[in-house]
Amino acid sequence: MWLNDFYHSLNPIAFMLGPFQVRWYGIAYLLGFVCAGLVIARVSRRWRLDLTTDDVLSVMIDVAVGVIVGARIFYVVFYGAGYYLEHPLEAFALNQGGMSFHGGLAGALVGGAIACRRWKLSTLTVADLAVIGAPVGLFFGRCANFVNGELWGKETMLPWGVMFPTGGAVYRHPSQLYEALLEGAVLFCVLFALSRRRPPRPQGTFIGTFLVLYGVFRFLVEFVRLPDAQLGYLLGTNWLTMGQVLSLPLVVAGVVVLVLARRCDRSQVGHLEPAGDGPTA
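Residues numbered from 1 in each chain as written. Predicted model: local features only at pLDDT ≥ 70, side-chain atom pairs only at ≥ 80, totals over all residues. Heavy atoms only, no water.

### Comments concerning the pattern of salt bridges
Under the criterion given, the structure shown has 7 salt bridges. Of the charged contacts in the structure, one is a salt bridge between glutamate 179 and arginine 142, with a shortest N-O distance of 3.2 Å. You can see glutamate 179 sitting in helix 7 (residues 175-195) and its partner arginine 142 sitting in helix 6 (residues 123-148), a full 37 residues away along the chain. Looking at glutamate 179, the relative accessible area reads 1%, which means it is buried. In this structure, glutamate 183 engages arginine 142 in a salt bridge whose closest nitrogen and oxygen atoms are separated by 3.4 Å. Of this pair, glutamate 183 sits in helix 7 while arginine 142 sits in helix 6, placing them 41 residues apart in sequence. Each of the salt bridges in this network shares a partner with another, and the network as a whole consists of Arg142, Glu179, Glu183, Arg218, Glu222 and Arg225. (Salt bridge = Lys/Arg side-chain N within 4 Å of Asp/Glu carboxyl O. Helix = DSSP H or I, 4+ residues; strand = E, 2+ residues; numbered from the N terminus. Buried < 20%, exposed > 50% of the residue type's maximum accessible area, 1.4 Å probe, protein only.)

Next comes the structure, spelled out in structure tokens:
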């Protein structure tokens, strides 16, 4: 089990700063936002949009706040199983873990929409740009889950099985790395390849594609990833998880967005035109 040997050589703590621990999980979040910002800036230049470095930075700050707040709220509501009703103050204990991607996505959309309204940017175009960079952050985040030994999968005898400290004396699917590959690397390659077309594809194309592919990839990986212990499988089944329940609406929404994008066929724009000077999006 070569991957198991590699896993046990890792330390969740990257380094120490005096009495403070700097963990790979925090570094993953930071790298994710920085790399996503760089991707957004590069694609916007290729699309010849009038977005400045300050525009991108402003959007990324609001998106980052939205991701953290939304991810925590969704985890508390959908994965807490009533625990946080009895311990409400622990809902704010981010250092104890517990973040939901689906909530992070919702928070990112809200934060991005607020930033776009403030700086008079096209919400749809910014959303398209953001989801091209988002898989980079997902990749780092899932790798950090692997280093932390959390969100592991079912038992396996495959040669890349890993024996996680909290998973018992059995080898398990490294489902974190499956998600890093599909939701991170594969999804980024697809979206980045699509972004290279000139003129750019219509507004909504990228957010729609992201929602469909993420939803499908997450739904499939959940078959080998164990559900959160406090929830287990849902509706009396031995396979349906909360992750799958939350992913299905993403696929449906993505299909709807793609249909509307094709029908409306709106060009990508950066800053919105002043009222009365033409259509905006």
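### Looking at the packing of helix 6 against helix 7
Packing of helix 6 against helix 7 brings their axes to within 8 Å, and their N-to-C directions diverge by 165°. On the basis of their axis angle, the class for helix 6 and helix 7 is roughly antiparallel. The chirality of how helix 6 crosses helix 7 is left-handed. Contact residues: Val131, Ile132, Pro135, Val136, Leu138, Phe139, Arg142, Cys143, Asn145 and Phe146 in helix 6; Gln176, Leu177, Glu179, Ala180, Glu183, Gly184, Ala185, Leu187, Phe188, Leu191, Phe192 and Ser195 in helix 7. Residues of the contact of helix 6 with helix 7, tallied by class, amount to 15 nonpolar, 4 polar and 3 charged. (Axes fitted to C-alpha atoms, helices over the stretch in contact; angles between N-to-C directions. Parallel < 35°, antiparallel > 145°, perpendicular 65-115°, else oblique. Left-handed = near helix turned anticlockwise from the far one by under 90°. Contact = heavy atoms within 4.5 Å. Nonpolar A, V, L, I, M, F, W, Y, C, P; charged D, E, K, R; others polar.)

### Some points on the nonpolar core
Counting 33 residues, the largest nonpolar core has Val43, Trp47, Phe101, Leu129, Ile132, Phe210 and Tyr214 as its most contacted members. Residue contributions to this core peak at 6 residues, all from helix 6. Membership of the second largest hydrophobic core comes to 8 residues, among which are Tyr75, Tyr84, Ala91 and Leu234. (Core = buried A, V, L, I, M, F, W, Y, C linked by side-chain atoms within 4.5 Å.)

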